[in-house]
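Residue strings, one per chain:
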Amino acid sequence: MKRQIHAYRGHDEIAVRGTTSSSAAAVSAEIEFFVQTQQLIAGGRHPQLRTKATLETLDALTDGGWIDQQVRDELGTAYRFLRVIENRLQMVADEQTHTLPGRSGWA
């Protein structure tokens, strides 16, 4: 299913600097996708998974035994880091973007 979504949306190409989507945005979306699929699978029977926040849901998945603490910690750390990168990237030109600047655009 994920492969079909990415192919349909044109995300089947490898993201590199200067392209239209950053790897930070792509990986944070991967983490969100994982969390949301777990909510779809088990959220009907387990109301503690019916949360809006990705990090909160990772905690609930750990508490419920769906993922172990190491997975939660690694995904949570990566997600927080990648969201910071994405937000800083968008602050550079004060616009909504996922494009990493070329080498000359880096400070």
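Criteria and thresholds
- Residues numbered from 1 in each chain as written.
- Predicted model: local features only at pLDDT ≥ 70, side-chain atom pairs only at ≥ 80, totals over all residues.
- Heavy atoms only, no water.
- Helix = DSSP H or I, 4+ residues; strand = E, 2+ residues; numbered from the N terminus.
- Contact = heavy atoms within 4.5 Å.
- Areas by Shrake-Rupley, 256 points an atom, 1.4 Å probe, with all protein chains shown as cover.
- Salt bridge = Lys/Arg side-chain N within 4 Å of Asp/Glu carboxyl O.
- Core = buried A, V, L, I, M, F, W, Y, C linked by side-chain atoms within 4.5 Å.
- Buried < 20%, exposed > 50% of the residue type's maximum accessible area, 1.4 Å probe, protein only.
- pLDDT = per-residue confidence, 0-100.
- Axes fitted to C-alpha atoms, helices over the stretch in contact; angles between N-to-C directions.
- Parallel < 35°, antiparallel > 145°, perpendicular 65-115°, else oblique.
- Nonpolar A, V, L, I, M, F, W, Y, C, P; charged D, E, K, R; others polar.
- Expected span 1.5 Å × (residues − 1).
- Polar contact = N/O pair within 3.5 Å; in protein donor to acceptor, adjacent residues only side chain to side chain.

> Looking at this structure, how should I read the overall build of the protein?
The helix and strand inventory of the protein stands at four helices and zero strands. Of the contacts made within the protein by residues no fewer than 6 positions apart, 47% connect residues no fewer than 24 positions apart. Accessible area of the protein: about 7,700 Å², with a carbon and sulfur share of 53%.

> What is the right way to look at the pattern of salt bridges in this model?
Pairing between side chains becomes possible if they bear opposite charge and their charged atoms approach one another. A full pass over the atoms with the stated rule returns three salt bridges. Between Glu-32 and Arg-83 there is a salt bridge, with the nearest N and O atoms lying 3.5 Å from each other. Of this pair, Glu-32 sits in helix α2 (residues 23-42) while Arg-83 sits in helix α4 (residues 69-92); the two residues are 51 residues apart in sequence, bridging distant segments of the chain. What emerges from the salt-bridge pattern is a single network uniting Asp-59, Arg-72 and Asp-73.

> Got a minute to help me understand the nonpolar core in this structure?
A general trend in soluble globular proteins is that nonpolar side chains are found buried together. In this structure, Val-35, Ala-42, Leu-49, Leu-58, Ala-60, Leu-61 and Ile-67 together form the largest nonpolar core, which totals seven residues. If one sorts the elements of this core by residue count, helix α3 (residues 54-63) sits on top with three residues. Every residue in contact with Val-35, bar those within four places of it in the chain, is listed here: Thr-54, Thr-57 and Leu-58.

> Can you help me understand the side chain of Arg-72 in this one?
Its place among the elements puts Arg-72 in helix α4. By relative accessible area, which is 18% here, Arg-72 ends up buried. When sequence neighbours within four positions are dropped, the list of residues in contact with Arg-72 reads Leu-58, Asp-59, Thr-62 and Ile-67.

> Teacher, can you tell me more about the confidence of the model for the protein here?
Where the model shows low pLDDT, its predicted coordinates should not be examined in detail. Averaged over all residues, the pLDDT of the protein is 77; the fraction at 70 or higher stands at 63%. Under a pLDDT of 50 for its full length, residues 14-21 has, in the predicted model, 16 contacts with residues more than four places off or in other chains.

> Would you mind showing me how to read the packing of α3 against α4 here?
Between two packed helices, both the angle of their axes relative to each other and the distance between the axes serve to describe the pair. Across the interface, α3 lies against α4 with an axial gap of 9 Å and an inter-helix angle of 175°. Considered as vectors, α3 and α4 are oriented roughly antiparallel to each other. Every residue of α4 that contacts α3 at Thr-54, Leu-55, Leu-58, Asp-59 and Thr-62 is listed here: Gln-69, Arg-72, Leu-75, Gly-76, Tyr-79 and Arg-80. The class makeup of the residues in the contact of α3 with α4 is four nonpolar, four polar and three charged.

> I would appreciate a short explanation of α3 in the present structure.
Listed in full, the buried residues belonging to α3 are Thr-54, Thr-57, Leu-58, Ala-60, Leu-61 and Thr-62. Trailing α3 by a residue or two, Gly-65 shows a phi angle of about 85°, which is positive.

> Explanation requested: the environment of Phe-33 in the structure shown.
With respect to the helices and strands, Phe-33 occurs in helix α2. On a C-alpha basis, the gap between Phe-33 and Thr-54 in space is 9.5 Å, while along the polypeptide they are 21 residues apart.

> How should I be thinking about α4 in this particular structure?
Note on helix geometry: an α-helix contains 3.6 residues per turn, so any two residues three or four positions apart are oriented the same way. Helix length check: α4, at 24 residues, gives a terminal C-alpha distance of 35 Å against a target of 34 Å (1.5 Å per residue), a fit within 8%. All buried positions along α4 are accounted for by Arg-72, Gly-76, Tyr-79, Leu-82, Glu-86, Leu-89 and Gln-90. Of the residues that open α4, the one with a side-chain oxygen 3.2 Å from the backbone nitrogen of Gln-70 is Asp-68.

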